[in-house]
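Spelled out from the first residue to the last, the chains are:
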Amino acid sequence: MQALGCRMNLAAVLNGLLVSVVAALLWKYVKLSEHAALLEEELLLTRQSQELSQVRIDYHAALQALQQHGTRMVCTGKMHTDRVCRFDYLCYSTEAEEFVFFHSNASVMLPNLGPRRFQPALLDLSSVEDHNTQYFNFLELPAAALKFMPKPVFVPDVALILNRFNPDNLMHVFHDDLLPIFYTMGQYSDLDEEARLVFMEGWSEGPHFQLYRLLSSKQPLLKEQLRNFGKLLCFTKSYVGLSKMTTWYQYGFVQPQGPKANILVSGNEIRQFSSFLAEKLNVTVGEQTEKTDEYIVVFSRSLNRLILNEAELILALAQEFQMKVVTVSLEEQSFADIVRVLSRASMLVSMHGAQLVTSLFLPRGAAVVELYPYAINPEHYAPYRTLTSLPGMDLQYVAWRNTKEENSVTFPERAWDQGGIAHLEKEEQERIMKSKEVPRHLCCRNPEWLFRIYQDTKVDIASLLDALHQGLASRPGPKRARPASTVHPGRVREPKCQTSVQATNEAKLTVSWQIPWNLKYLKVREVKYEVWIQEQGENTYMPYILPHQNYTFSENIKPFTTYLVWVRCIFNKTLLGPFADVLMCRT
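Residues numbered from 1 in each chain as written. Predicted model: local features only at pLDDT ≥ 70, side-chain atom pairs only at ≥ 80, totals over all residues. Heavy atoms only, no water.

As named in an unreviewed UniProt entry, the protein is Protein O-linked-mannose beta-1,4-N-acetylglucosaminyltransferase 2, taken from Anguilla anguilla. In UniProt, the protein has this text filed under Catalytic activity (unreviewed entry): "3-O-(alpha-D-mannosyl)-L-threonyl-[protein] + UDP-N-acetyl-alpha-D-glucosamine = 3-O-(N-acetyl-beta-D-glucosaminyl-(1->4)-alpha-D-mannosyl)-L-threonyl-[protein] + UDP + H(+)". The Sequence similarities (unreviewed entry) comment attached to the protein in UniProt states, word for word, "Belongs to the glycosyltransferase 61 family." (UniProt positions renumbered as here; feature names shortened; annotations may be inferred.)

Ranked by size, the top nonpolar core spans 72 residues in total, and within it Leu160, Phe174, Leu178, Ile181, Trp248 and Ile270 carry the most contacts. Looking at this core element by element, the count peaks at eight residues for helix H3 (residues 170-187). In contact with Ile181, not counting residues within four places along its chain, are Leu160, Leu162, Leu197, Phe199, Tyr212, Leu215 and Leu242. In terms of nonpolar packing, the next biggest core, distinct from the first, is built from 26 residues, Leu122, Leu123, Leu226 and Val240 among them. (Core = buried A, V, L, I, M, F, W, Y, C linked by side-chain atoms within 4.5 Å. Buried < 20%, exposed > 50% of the residue type's maximum accessible area, 1.4 Å probe, protein only. Helix = DSSP H or I, 4+ residues; strand = E, 2+ residues; numbered from the N terminus. Contact = heavy atoms within 4.5 Å.)

Let's shift gears to the packing of aromatic side chains. In the structure shown here, the tally under the stated rule is 29 aromatic pairs. Seen from their ring centres, Phe165 and Tyr251 are 6.3 Å apart, and the 15 degrees between their planes marks the pair as stacked. One end of the pair, Phe165, is in the loop between strand S8 (153-162) and H3; the other, Tyr251, is in the loop between strand S12 (249-250) and strand S13 (258-259), with 86 residues separating them in the sequence. Residue class for Phe165 comes out buried when judged on its relative accessible area of 13%. We classify Tyr251 as buried; its relative accessible area is 12%. The structure contains a cluster of three or more aromatic residues connected by ring pairs, namely Phe87, Tyr92, Phe99, Phe101, Phe136 and Phe138. Residue placement shows Arg305 over the ring face of Tyr454; its charged tip is 5.2 Å from the ring centre. (Phe/Tyr/Trp six-rings, centres within 6.5 Å; stacked < 30°, edge-to-face > 60°. Lys NZ or Arg CZ within 6 Å of the ring centre and 35° of its normal.)

Written out as structure tokens, the structure is:
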């Protein structure tokens, strides 16, 4: 018995030792992991510091230039909503978290806006127009104050300083950040691939940071990282703000969301951008050569807004169109792999969501099929419909809406930002549950919209196939791009307006112009003119496509009212010219 007891005690001791050893190893592993993370962070900061110092700069000459000449600013754009400014020696205090303009006898500030630059700001740091969290301004100090301030650190790279709007959401990443950055960099020759992007909104990198890194060979800088380089950071040359030329959608901050009133971008610019990005991702974009190469892509979601009968949907599409069907997922595949698949697809099918912005990588002739959950009206939420309809995108679009409430699964107990409504009063919960359609609303926390958009959906296959046959003008599939002229029309010349009041409630507005100067040297199949008329103070406009160089408008024209009028030329339906200077016409 004693021997048995000894063996049992020995086993207990050995077990205890084993547990102690395992615990010690686990503790050491945790510490090593933490140490490795710290080392990786330090290595990143060291690499960034080394990058900043790779371009040699004469520190004393830079300091002398700042002290003697101060900061210099030259801006383009008449309003803060369309302004981009170039600075020499714009500085940033990491302690005050403020940009600083140093005045000397040689400082330059063009235009000299005086107090108007505070109404409400000098410019928008984001491409999202007139959003009060995106405003940019600076403090002013005499250059003599540098003697009493921390020693400045000079950034030798040409910098583009901006705010990302929402780097967690792929639609916002492309529409609000990547496209505007790409277009802004293209406008200024010194904003080349060696330029440094500086993000000042305060977000962390976010899940799509690698896409921002494709725009420059330099590692972008985040606001939180600037303090690592010193208390006073001075950019030797910088551009501040973003062009809004490429944005096509507004998110409903002032009026319910919808297409922008003055869309200036065409599919040609967007396809130029998508080709650039595909090349940076090492994706070869080519055309299919055989019918057997054709396939349909279904975007699969794994967290919310699920297609509950996804397998059934895939089988039905394959049978109906006699094509292979493949799935892609942002959670399971690299972005480069997704672009590679989409660049040759005949059709993209997806629930409404940010992933649909990837349709800009689809080949010409492909179809985009957007699925909407129950009670969501496709007409009210159309960023991707708008994208596909831009001249030059050459994509087909079909929207399908679930009209059967029994085919939806709701989640009232979830958190409010995932569609939950349990935090609301019982009467409000019941009203939302009974509602058959979400009414139009402003951004961004409407509980009825969130409740419905986060539903899971069982797609009614028969009604979807009906919608596809009705909505597709031709068999979906990549089309061989026809060689087309890339010569765009110039501005229309000598735009004029005349007005007359017919009665107390009746007026006329006549607009005329001369043809663009380059038109007489070109052979163009079709020439038309686009006219936008907007009542001053309103956010919406009336667009017209006209075949002639003058027209008299009477419908919806009111007496004693000021109208803003834009005119531009269009060649062959897709080649857009710039707008002439806006006309202000008083009836």
